Amino acid sequence: YDFNIKGELRHLDTNESFVFNYYKNAHERNHKRYQVLGHLLTQYVYELLERVCMLQKVYIPTDATEDEPRSFFFMSEKALTNTSSLIVLLQDRGVFRAGQWGQKTTISEGLDHGTQIPFIKMALQSQGEVIVLNPNDNLMDLKTEKERLSIATREESSSSMQSPWSIPKRCSSSPEEHTMYVWDQFISKSAAKNVAFIAHGYGGLVFIDLLMQRRWEVMNKVYSVAFIDSMHNTQHQTRSDPQIQEWIHKYCREWVSNSKPLDKPVGSLVKVNCPTVSAGTEKYGLAPSYCLHAIFKYLKSALKAK
């Protein structure tokens, strides 16, 4: 498989899109094959971020020892020194890593829909800088595949979430911790006077967590937040703090998967929240790419208003 000129994943011989059920009645084997593809895809997107988007890979924690497992994120060359605007991309949770909105979407719909590359390019075109967070890169696998498999068969009984052969990465053991660390060490110290976040799915919950932990810093530095199908819960997370709720209402907007046309208001009875509009598609995986232009238009007007 490889990506064609349109950025769609196709089989090199048959030109067909990826087939999940490749082996008949062998779910385990098909899943393994899908996992391998996912791993290769992660590496490929990392490469595109550096080669096509010209982003730099920054390893964290900054004080890591040589043999310590590290995470990393990506940023444009002048992300910390440019005084204009900085856009931070915060993805949903899942197996996918920095640069992707979703792995399934990248495989089935192509790079333009599943990755953050169109967002990065648009941010850079509008004379801004970019930071691409890597919130799901939390654990370091210790054992090789062979050893892992022999352990797996021995330890089928223990089904805990964290496998016995992975250790958490310091300062990045969860999406919340990763985001807070990059905020403390990089974003808060950047010269940018105007910071915006674009947060998808669980990323929205992570942003509100950051807002609660670093309220004055965030409220002073962030001029706008675009949520896409966010999982945050304003009332629960803000502990009904009126000041924070007012800030969210004023400086945030959310796009949700919906049958209404793009940008049309969507009434939500549940959240005492920010203004909510349609993403122009009912498909969760396609929501980011569908509202790309609407989001940048919104950020531009928010910056003007500021």
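As the structure is a prediction and not an experimental result, all values here were calculated from the model.

Draft legend 1. Spotlight on the overall build of the protein. Looking only at helices and strands, the protein has 12 helices and 12 strands in total. Expected size for 306 residues packed as a compact globule is a radius of gyration near 19 Å; at 20 Å, the protein falls within 12% of this value. Dimensions of the protein along its principal axes, counting C-alpha atoms only, are 55 × 45 × 40 Å. Per-residue burial over the protein gives 50% buried out of 306 residues. The contacts in the protein between residues at least 6 apart in sequence include a share of 68% that link residues at least 24 apart. Working note: accessible area of the protein is about 16100 Å², and carbon and sulfur atoms make up 52% of it.

Draft legend 2. Region of interest: the pairing of strand S6 (residues 129-132). Side-chain alternation along S6 places Glu129 and Ile131 on one buried face and Val130 and Val132 on a second face that is also buried. Inspection of the sheet shows strand S4 (residues 71-75) paired to S6 by two bridges, in the antiparallel sense. Pairing of phenylalanine 74 across the sheet is with valine 132, part of S6. Sheet topology note: the strand S5 (residues 85-90)/S6 ladder contains four bridges and is parallel. In the strand pairing of S6, leucine 86 is matched with glutamate 129.

Draft legend 3. Highlighting the packing of helix H6 (residues 175-187) against helix H7 (residues 202-213). In the contact formed by H6 and H7, the axes pass within 9 Å of each other and the chain directions differ by 55 degrees. Judged by the inter-axis angle, H6 sits oblique to H7. Once H6 is placed against H7, the crossing between them reads as right-handed. Of the residues in H7, those touching H6 at Pro175, Glu176, Thr179, Met180 and Trp183 are Tyr202, Leu205, Val206, Asp209, Leu210 and Gln213. Looking at the contact of H6 with H7, its residues break down into seven nonpolar, two polar and two charged.

Draft legend 4. The arrangement of the side chain of lysine 169 in detail. Along the chain, the position of lysine 169 falls in the loop between strand S8 (166-168) and H6. Leave out the neighbours within four places in its chain, and lysine 169 touches Pro69, Arg70, Ser71, Asp137, Asn138, Leu139, Met140 and Glu177.

Draft legend 5. Structural detail: the environment of phenylalanine 296. Locating phenylalanine 296 in the fold gives a position in helix H12 (residues 292-305). For phenylalanine 296 and alanine 226, which are 70 residues apart along the polypeptide, the C-alpha to C-alpha distance reads 9.1 Å. Excluding its chain neighbours within four sequence positions, the residues that come into contact with phenylalanine 296 are Ile87, Phe119, Met122, Ala123 and Ile198.

Draft legend 6. How the structure looks around the nonpolar core. The biggest cluster of nonpolar side chains holds 44 residues, and the ones touching the most others in it are Ile198, Trp255 and Ile295. Residues contacting isoleucine 295, with those up to four places away along its chain left out, are Phe119, Ile198, Ala226, Ile228 and Trp255. One finds Ile187, Tyr202, Leu210 and Val218 within the second-largest nonpolar core, a separate group that totals 38 residues.

Draft legend 7. Local environment of the packing of H7 against helix H10 (residues 242-251). Relative orientation of the contacting elements H7 and H10 amounts to 135 degrees, with a least axis distance of 11 Å. Comparing their axes, H10 and H7 come out oblique. In terms of crossing hand, the pair formed by H7 and H10 is right-handed. For the pair H7 and H10, contact is made by Phe207, Ile208, Leu211 and Met212 and by Ile244, Trp247 and Ile248, respectively. Of the residues that constitute the contact of H7 with H10, the class distribution is seven nonpolar, no polar and no charged.

Cut-offs used in this document
- Residues numbered from 1 in each chain as written.
- Predicted model: local features only at pLDDT ≥ 70, side-chain atom pairs only at ≥ 80, totals over all residues.
- Heavy atoms only, no water.
- Helix = DSSP H or I, 4+ residues; strand = E, 2+ residues; numbered from the N terminus.
- Rg over C-alpha atoms; globule rule 2.2 N^0.38 Å.
- Buried < 20%, exposed > 50% of the residue type's maximum accessible area, 1.4 Å probe, protein only.
- Contact = heavy atoms within 4.5 Å.
- Areas by Shrake-Rupley, 256 points an atom, 1.4 Å probe, with all protein chains shown as cover.
- Pairing = 2+ DSSP bridges.
- Axes fitted to C-alpha atoms, helices over the stretch in contact; angles between N-to-C directions.
- Parallel < 35°, antiparallel > 145°, perpendicular 65-115°, else oblique.
- Left-handed = near helix turned anticlockwise from the far one by under 90°.
- Nonpolar A, V, L, I, M, F, W, Y, C, P; charged D, E, K, R; others polar.
- Core = buried A, V, L, I, M, F, W, Y, C linked by side-chain atoms within 4.5 Å.

None of the figures reported here should be taken as evidence of function without further support.
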